[in-house]
Amino acid sequence: MPLLSDKTYLYTELAQEKGVVLPTPKTEAWKYTRLRDLLNTEYQLCPSTDKTGSLPPFEADVIHIGNGWVVGELPRIEGVSLSFITETMEKTQHPFALMNAAYLTQGLKIEISGKLKRPLLLNYFVVPEDKNYFYHFRNQIICHENSSAEIIEQFTYEGAVKSCYFANIVNEIRIEANAKLHHYKYQNEAFKANHIALHKVAISQSGEYESFCLQKGANIARNETEIALNGEGAEAVVNAAYMMNGWATLDTTTNIYHYVPHTKSSQLIKGVIGGTAHGVFQGRIHIAPNAIQTTGTQLHKAILLSDEAEIDVKPELEIFADDVKCSHGAASGELDKEQLFYMRSRGIGEEEAKQILINAYLTDTITQISDERVREWFKILITG
Amino acid sequence: MSAPILEIEDLCAEVGGKQIIKDFNLTINEGEVHAIMGPNGAGKSTLSYVLCGKSGYKVTSGSVRFKGKDLLSMSTEERAREGIFLIMQYPVEIPGVPSTTFLKHAVNAVRQHQGLPELDTMEFLKMVREEGRKLGIDNEMLKRPINVGFSGGEKKRMEALEMTILKPSFAILDEADSGLDIDAMKVVADSVNALRDNKRAMLIITHFQRLLNYVEPDYVHIFANGHIVKTGDKHLAVELEQNGYAEYVKEN
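Computed from a predicted structure; not experimentally measured.

S.K.: Quick rundown of the sheet that holds strand E4 (residues 57-66) of chain B? Include the residues and the values.
M.R.: One key point about sheets: their strands pair by backbone hydrogen bonds, in either a parallel or an antiparallel sense. All names here are of chain B. The sheet built from four strands is open, its strands ordered E2-E1-E4-E5 with antiparallel pairing. Since the sheet does not close on itself, it has two edges, and those belong to strand E2 (18-29) and strand E5 (69-70), each with one partner. Where E4 and E5 come together, two bridges link them in antiparallel fashion. If you follow arginine 65 over to E5, its bridge partner there is aspartate 70.

S.K.: Quick rundown of the state of the cysteines? Include the residues and the values.
M.R.: Two cysteines whose sulfur atoms are joined by a covalent bond form what is called a disulfide. What the rule picks out here adds up to zero disulfides over all chains. Between A:Cys46, a cysteine without a disulfide, and A:Cys164, which holds the nearest cysteine sulfur, the sulfur-to-sulfur distance is 13 Å. On the basis of relative accessible area, A:Cys46 is assigned to the buried category, the value being 3%. Free of any disulfide, B:Cys12 has its nearest cysteine sulfur in B:Cys52, 19 Å distant. Among the residues examined, B:Cys12 registers a relative accessible area of 7% and is labelled buried.

S.K.: Break down empty space enclosed by the protein for me, with residues and values.
M.R.: Residues and elements named next belong to chain A. Enumeration according to the criterion identifies two cavities of 30 Å³ or more in this entry. Within this model, the largest cavity holds a volume of roughly 100 Å³. The element contributing the most residues to the lining of the largest cavity is strand E13 (residues 208-215), with four residues. When the residues that make up the lining of the largest cavity are grouped by side-chain class, the tally is six nonpolar, eight polar and one charged.

S.K.: How would you summarise the interface of chain A and chain B if you had to cite specific residues and measurements?
M.R.: Counting residues at the interface gives 16 residues for chain A and 29 residues for chain B. Summing both sides of the interface, chain A and chain B together bury roughly 1,900 Å²; the carbon and sulfur share of this comes to 65%. Considering only the side of chain A, the residues that lose the most area to chain B are A:Phe341, A:Tyr342 and A:Arg346, jointly responsible for 42% of the buried surface there. On the surface where chain A and chain B come into contact, there are four salt bridges. The partner of B:Glu77 in a salt bridge is A:Arg344, with the nearest N and O atoms 2.5 Å apart. Our count for the contact surface shared by chain A and chain B stands at twelve residue pairs in polar contact (both at pLDDT 80 or more). At the level of secondary structure, the elements contributing two or more residues to the side of chain A that touches chain B comprise helix H4 (337-344) and helix H5 (350-363) of chain A. In terms of residues, the side of chain A that touches chain B owes the most to one element, H4(A), which gives six residues. The class makeup of the residues in the side of chain A that touches chain B is seven nonpolar, four polar and five charged.

S.K.: So what's going on with helix H6 (residues 152-166) of chain B? Residues and values would help.
M.R.: Residues and elements named next belong to chain B. A rise of 1.5 Å per residue sets the reference length of H6, with its 15 residues, at 21 Å; its end C-alpha atoms lie 21 Å apart and thus fit the reference within 8%. Counting buried residues in H6 gives 13 out of 15 residues, a clear majority hidden from the surface. One or two positions beyond H6, positive phi appears at lysine 167, with a value near 45°.

S.K.: Break down unusual backbone geometry for me, citing the residues and quoting the values.
M.R.: All names here are of chain A. With a phi angle near 70°, aspartate 130 is a residue other than glycine that sits in the positive phi range. For aspartate 130, a relative accessible area of 61% corresponds to the exposed category. You will see that alanine 218, though not glycine, has its phi angle at about 80°, which is positive. Mapped onto the elements, alanine 218 comes out in the loop between E13 and strand E14 (220-229). Residue classification places alanine 218 among the buried positions, given a relative accessible area of 2%.

S.K.: Describe in detail the sheet that holds strand E21 (residues 325-333) of chain A, supporting the description with residues and values.
M.R.: Residues and elements named next belong to chain A. One open sheet holds the ten strands; their spatial order is E4-E3-E7-E9-E11-E13-E15-E17-E19-E21, and the pairing between them is mixed. The strands lining the two open edges of the sheet, one partner per strand, are strand E4 (69-70) and E21. Note: strand E19 (residues 295-304) against E21, nine bridges, orientation parallel. Looking at the pairing, glycine 296 lines up with cysteine 326 of E21.

S.K.: So what's going on with the packing of helix H3 (residues 99-113) of chain B against H6(B)? Residues and values would help.
M.R.: Residues and elements named next belong to chain B. At a minimum axis separation of 10 Å, H3 and H6 run at an interaxial angle of 30°. Overall, the two elements H3 and H6 adopt an arrangement that is roughly parallel. As H3 packs across H6, the resulting crossing turns out to be right-handed. Judged by residue contacts, Ser99, Phe102, Leu103, Ala106, Val107 and Val110 of H3 engage Met158, Leu161, Glu162, Ile165 and Leu166 from H6.

S.K.: Now, about helix H6 (residues 372-383) of chain A: what can you tell me, with residues and values included?
M.R.: Residue and element names in this part refer to chain A. Over its twelve residues, H6 runs 16 Å from end to end, which matches the ideal 16 Å to within 8%, given 1.5 Å per residue. Among the residues making up H6, those that are buried are Val374, Trp377, Phe378, Leu381 and Ile382. One face of H6 carries all of its buried residues, which in axial projection span an arc of 135°. Opposite the buried face of H6, by more than 90 degrees, sit the exposed residues Glu372 and Ile380. Its buried side turned inward, H6 meets strand E9 (148-157), strand E11 (180-187), E13, strand E15 (235-244) and H5.

Thresholds, definitions, all that
Residues numbered from 1 in each chain as written. Chains lettered and ligands numbered in written order. Predicted model: local features only at pLDDT ≥ 70, side-chain atom pairs only at ≥ 80, totals over all residues. Heavy atoms only, no water. Pairing = 2+ DSSP bridges. Helix = DSSP H or I, 4+ residues; strand = E, 2+ residues; numbered from the N terminus. Disulfide = S-S within 2.5 Å. Buried < 20%, exposed > 50% of the residue type's maximum accessible area, 1.4 Å probe, protein only. 1 Å grid on protein atoms, 1.4 Å probe; cavity = no way out; pocket = protein on both sides within 12 Å on 5 of 7 lines; lining within 4 Å. Points joined across faces, edges and corners; volume = space filled by probe spheres on them. Nonpolar A, V, L, I, M, F, W, Y, C, P; charged D, E, K, R; others polar. Contact = heavy atoms within 4.5 Å. Buried area = accessible area lost by both parts, 1.4 Å probe. Salt bridge = Lys/Arg side-chain N within 4 Å of Asp/Glu carboxyl O. Polar contact = N/O pair within 3.5 Å; in protein donor to acceptor, adjacent residues only side chain to side chain. Expected span 1.5 Å × (residues − 1). Axes fitted to C-alpha atoms, helices over the stretch in contact; angles between N-to-C directions. Parallel < 35°, antiparallel > 145°, perpendicular 65-115°, else oblique. Left-handed = near helix turned anticlockwise from the far one by under 90°. Arc of directions from axis to C-beta.

Here is the structure:
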């Protein structure tokens, strides 16, 4: 079905056309994240734009992606080969990844063969002009042996904040032996927009994947990370923070598969939610029968600022091997009253005191970011 | 004659539905140091929390005026900005908030209230380090999250530093000497004495006479059954140390 840019389409009908079964409230992997607003919106195909989003305060090689289309020529970067993709790398059952493949707006193949000096910024930007656009973007990121890179994804928008646009993003990431990828993401979509992202990561021997995602925007947003630790010595860090005061649902989902011995994963996810917002964390650590001497840790913590705010947490450990170290923890609560009183008794106003405590609470999710400028940037985004 | 700084009249207050402060009266004038002594569990700390407006400490009747203003209608932070400072028995640990960051927020909140410009970071750091050094607080300690992992003595030194840089007109010391060795207690006492002048006033709440050897009070009050049962000068503290509280507790 060729899509027409001036027509509107129900997402459910587009799925039906391609035989994709979208999640219902009964679908286990999606049961906490209510997709009604997303699925019942009539979307229009996103036209390209020349407008670009603002840049963060650090030097980077930048690819601007406006409304799901790469803006201008692809840059030339030493150690990186960039091209447009024609087909997807892997098969998946993920309904939105299937939709992404079926109705791909554009996609990039990013092959890294050197040690990059500067971060590569994928600067996604939507100019919705009051319309409910949707776009599907996909990256195939291949980190060749011994390479190292830092890739940052930023999602922002301009104007027409009432638009219910939908960004559907897939990253297929392959990290070869001894390669290193630092992958950071800042999601600040418009407050009625929807954002679903899947990062599918495969890591070979002694490869390293270190990630952090900050979610602050959108109406329904899900950041899902699926990691296969395929080679001995492979390591993954999946950290995230989410902050929301409106009514949104912010979902962080992780599935980490330890397939071989001597692999390591750690996750620290923290959220602060107020208003009628809804936080979701689903985290699975799977350790295959032969994957001895693996370490998998997971910790989710949340602060609820209002009585109506809500979180759902589903940790899952599937351990089929002996001689492994595995832990998970979850905690949720309010801001500490004694700490608030102490600060106020020194003259600090209540709102300021709360903000200081929230900042302090979230800041330890970014301490592992080794690039100081990027860490500072996230610190400001958390504070602001 | 010096003007009153704190006027408490017929104050009654309760915690969790239980009346702790009952018909409490006390006037403290500028320049005066008062000590309130009483047996453990008499509600001495309740008084300090009531004066600071901590939630859960409910005033049921009576009035408190601070420098002529109605104290009870102010929020905790407004009271602090007006010049009330409580040295707490158990200072709270705040992970993730460096001591300097905390101090800067506090100083600037108070300065803003006084119509003064914010201190710039360099100016502020210089001042904090200098005052810190006098109290035995080094730069490393200033970088650590406030009170986190501090020993009892370090926590009280930090309280003394906060007080020194906020320059309150009225300081309340709530069991400020509990769990302190002599050196740390002297540091706290010195910082209190340094602040003492004919405009400021202090209220020392304590179970033991020990601290009063270092910060000499003008008046000593015995607190029992929710109010002051006897007032004297510093000799009353010595007498209490010898004879205990038994006869005052029994009185009512």
